[in-house]
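Architecture and fold: a report
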Amino acid sequence: MSYQSFNPATGKLVKSFPEITDGEFEGKIAEAAKCYENWRHGTYAERAVIISRAAAILAARVDDFAKPMTIEMGKRISEARGEVEFSSRILAYYAKNAQKFLAPVKLHPTIGEAHMESSPIGVIFCVEPWNFPYYQLARVAGPHLMAGNVLLVKHASCVPQCAIAFEQLLIEAGAPTGLYTNLLISHDQSDAIIDDPRIKGVALTGSVAAGRSLAARAGKNLKVSSMELGGSDAFIVLEDADLEHTIKWAVWGRMYNTGQTCCAAKRFIVVESLAAEFLARFTAALNALRPGDPMDEKTTLGPLSSESALTQLLAQVNEAVAGGAKLVLGGKRIDRPGSYMEPSILTDIKPENPAFRQEFFGPVALFFRVKDEDAAIALANASDFGLGGSVFTRDEARGKRVATRIETGMMFINNISWADAELPFGGIKDSGYGRELGDMGIQEFVNKKLIRTAHLDAPA
Ligand code: NAP
């Protein structure tokens, strides 16, 4: 049985869920395809009734949705509540703006007239990760359902209760059968879906390994795909940074969601003149975090999402140290029930150390000291990833100049306020392709059709 809720704060199994049978599997694909034939012809206003009702239910019942998330993957309850509220805002945003984003766009050919129309393309298969159990679902459901597409969704195997709760949310909001279907399926069944001619697009948020597998499968089938993958974002501190302000963002940027965020600050790149003070204050701030029950508002350090996530991270830290890195803080599991890890800082990571190129998905910061701004930019760009990054300086114009030179999909100056419904989210290089959220997010799975009118005689 591969879909299981384990509480990572206690290590106890909460509930298991069987994978669906082949017969159920075929039935669900058929229902989605049938639903599309009606849903595609609905108006934006009709779609918005259901999507905004789902937004309102989330907003009205925050705790009902937040608690299962905390139980299943250990997110601290205040962060879990914030995620439910944000998911509600994303759904409401697309319910309100989809028609405007997908309105026909007039073109200006030299002869005649032309415009681009946007129309849905069909059933989209979405594969989503456990680290934001609802936000990731809202990021695909809001735009793509409002665009007139229909979704089949495979959520991560460790958050089945959240996966089912989101499907129920849409049903409660009035979704017709087949509009949004949660699938408890294996990786082989996932491959079979991508091969199925009724499926027209693939959206993944997950690891680079999953990205390579799903993008290859989609490519073989000539299906459009979007890939939101991992990251190892640089957090650049220039010599004119406001250190008080910067340290608070450094702690938040590394430790939010117990460090399990794709666009978390993972590589701290600090200019020499501030490096010693930054490291001392950052170390003290991380050291002050206290592990506890993530359901308790006072807890400042939650568990990792699972025992295997903890084991993998500990192995990465050991490998980094064996490769010459120095551990200046933490590095061990915390001696208590559950999958807790000490906040950790590694320094002296040379380019030949495996850690230099890896993503650390948890409370482990990589610290680098550099000579100046140019060296900071060069180091930030010496990464296979290209998701986000941040720069801290009192000179905003300088911050913008540095941001322009960093090879990522997103840059933040004097903050790392990653996501807003209005702002496109995504990366380049091994961090994937395509964008979610904002106007761009709804354009990923629509047919952009050119229509031209011109009274022209055919060339002789
Ligand atoms: P993961 O192992 O790739 O899992 C993510 C999802 O992909 C899960 O639903 C998983 O299902 C599924 N999956 C994995 N391999 C698959 C395959 N071969 N065929 C079909 N489905 C497959 O990722 P993770 O390590 O749990 O999640 C964290 C990763 O996601 C990190 O690298 C993080 O940076 C990235 N992430 C990126 C973003 C972004 O927007 N760029 C946002 C959040 C997270 P199972 O659970 O059944 O294996």
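Summarised in this report is the structure supplied together with it. (Residues numbered from 1 in each chain as written. Predicted model: local features only at pLDDT ≥ 70, side-chain atom pairs only at ≥ 80, totals over all residues. Heavy atoms only, no water.)

Focus on the overall build of the protein chain
- Within the protein chain, the regular secondary structure consists of 14 helices and 20 strands.
- The C-alpha radius of gyration of the protein chain comes to 23 Å, within 12% of the 23 Å expected for a compact globule of 460 residues.
- On the principal axes, the C-alpha backbone points of the protein chain span a range of 70 × 60 × 40 Å.
- Here the protein chain holds 460 residues, and the buried ones make up 56% of them.
- Look at the contacts in the protein chain between residues 6 or more apart in sequence, and 73% of them connect residues 24 or more apart.
- Put simply, the protein chain shows about 18,900 Å² of open surface, and 55% of that area lies on carbon and sulfur atoms.
- When the 49 positive and 54 negative side-chain charges of the protein chain are each reduced to one mean point, those points stand 1 Å apart. (Helix = DSSP H or I, 4+ residues; strand = E, 2+ residues; numbered from the N terminus. Rg over C-alpha atoms; globule rule 2.2 N^0.38 Å. Buried < 20%, exposed > 50% of the residue type's maximum accessible area, 1.4 Å probe, protein only. Contact = heavy atoms within 4.5 Å. Areas by Shrake-Rupley, 256 points an atom, 1.4 Å probe, with all protein chains shown as cover. Lys, Arg positive; Asp, Glu negative; His and termini not counted. Charge placed at Lys NZ, Arg CZ, Asp CG, Glu CD.)

Observations concerning the nonpolar core
- The biggest cluster of nonpolar side chains holds 122 residues, and the ones touching the most others in it are Phe166, Phe278 and Phe282.
- In terms of residues, this core owes the most to one element, helix H4 (residues 77-101), which gives 11 residues.
- The two domains that each donate at least three residues to this core are domain 1 (3-229 + 431-451) and domain 2 (233-413). (Core = buried A, V, L, I, M, F, W, Y, C linked by side-chain atoms within 4.5 Å. Domains from an automatic or database assignment.)

Things to note about the pairing of strand E9 (residues 224-228)
- Of all five residues making up E9, four are buried, and the element is well covered by its neighbours.
- Strand direction decides the pairing type here: strand E8 (residues 199-205) and E9, joined by five bridges, are parallel. Bridge pairing in E9 places Val202 opposite Ser225.
- Taken together, the two bridges between E9 and strand E19 (residues 432-433) define a ladder with antiparallel strand orientation. By the bridge assignment for E19, Met227 is matched with Tyr433. (Pairing = 2+ DSSP bridges.)

Describing the pairing of E8
- Where burial is concerned, most of E8 is hidden: six out of the seven residues are buried.
- Pairing between strand E5 (residues 123-127) and E8: five bridges, direction parallel. Bridged to Val127 within E8 is Leu204.
- Chirality of the crossover, the property in question, places the unit of E8, helix H8 (residues 208-220) and E9 among those that are right-handed. (Right-handed = clockwise from strand over helix to strand, strands pointing away.)

Some words on the site of the ligand
- The full set close to the ligand counts 29 residues, and Glu128, Trp130, Ser207, Leu229 and Glu359 are the nearest of them.
- At a separation of 3.3 Å, an oxygen atom of the ligand approaches a polar backbone atom of Gly206.
- The separation between a nitrogen atom of the ligand and a polar main-chain atom of Leu229 is 2.7 Å.
- Here the ligand loses 85% of its free accessible area of 900 Å² to cover by the protein chains.
- Under a 2 Å grid-point criterion requiring more than half of the atoms, the pocket assigned to the ligand is the largest pocket.
- Among the secondary structure elements, those contributing two or more residues to the shell around the ligand are helix H5 (135-146), helix H7 (187-195), E8 and H8.
- With three residues, H8 is the single largest residue contributor to the shell around the ligand.
- Its residues placed into classes, the shell around the ligand shows 12 nonpolar, 12 polar and five charged.
- Both of domain 1 (3-229 + 431-451) and domain 2 (233-413) provide at least three residues apiece to the shell around the ligand. (Near = heavy atom within 4 Å. Polar contact = N/O pair within 3.5 Å; in protein donor to acceptor, adjacent residues only side chain to side chain. 1 Å grid on protein atoms, 1.4 Å probe; cavity = no way out; pocket = protein on both sides within 12 Å on 5 of 7 lines; lining within 4 Å. Sits in = over half its atoms within 2 Å of the grid points. Nonpolar A, V, L, I, M, F, W, Y, C, P; charged D, E, K, R; others polar.)

So, unusual backbone geometry
- Even without being glycine, Leu222 reaches a positive phi, approximately 55 degrees.
- The topology assignment puts Leu222 in the loop between H8 and E9.
- Of the residues examined, Leu222 reaches a relative accessible area of 81% and is grouped as exposed.
- Its identity as a non-glycine residue notwithstanding, Leu437 has a phi of 75 degrees, on the positive side.

Comments concerning empty space enclosed by the protein
- In total, this model carries one cavity of 30 Å³ or more according to the counting rule given.
- Roughly 70 Å³ of volume is contained in the largest cavity.
- The wall of the largest cavity is formed by 15 residues, among which Arg267, Ala380, Phe385, Gly388 and Thr408 lie closest to the centre.
- At the level of secondary structure, the elements contributing two or more residues to the lining of the largest cavity comprise strand E10 (233-237), helix H12 (373-381) and strand E15 (385-386).
- In terms of residue class, the lining of the largest cavity is built from five nonpolar, six polar and four charged. (Points joined across faces, edges and corners; volume = space filled by probe spheres on them.)

Thoughts on the sheet that holds strand E16 (residues 389-392)
- Strands sit in the order E12-E13-E14-E11-E10-E16-E17 across an open sheet of seven strands; the sheet is mixed. The open sheet has two free edges, formed respectively by strand E12 (326-329) and strand E17 (412-413), since each of these has just one partner strand.
- Here five bridges tie E10 to strand E11 (residues 265-271), and the two strands are oriented parallel to one another. If you follow Val237 over to E11, its bridge partner there is Val270.

What about the sheet that holds E8?
- Pairing is mixed in the open sheet, where six strands are placed in the order E7-E6-E5-E8-E9-E19. Each of the sheet's edge strands pairs with one partner strand only, and the pair in question is strand E7 (180-182) and E19.

Looking at the pattern of salt bridges
- One pass over the structure, following the stated rule, counts 27 salt bridges.
- Its salt-bridge partner being Lys67, residue Asp63 comes within 3.8 Å of it at the nearest N-O pair. One end of the pair, Asp63, and the other, Lys67, are both in helix H3 (residues 62-73), four residues apart, so they sit about a helical turn from each other.
- Judged by its relative accessible area of 38%, Lys67 falls in the partly exposed class.
- The shortest N-O distance in the salt bridge between Lys371 and Asp372 comes to 3.5 Å.
- Judged by its relative accessible area of 61%, Lys371 falls in the exposed class.
- Connected through shared salt-bridge partners, Asp63, Lys67, Arg81 and Glu297 make up one network. (Salt bridge = Lys/Arg side-chain N within 4 Å of Asp/Glu carboxyl O.)

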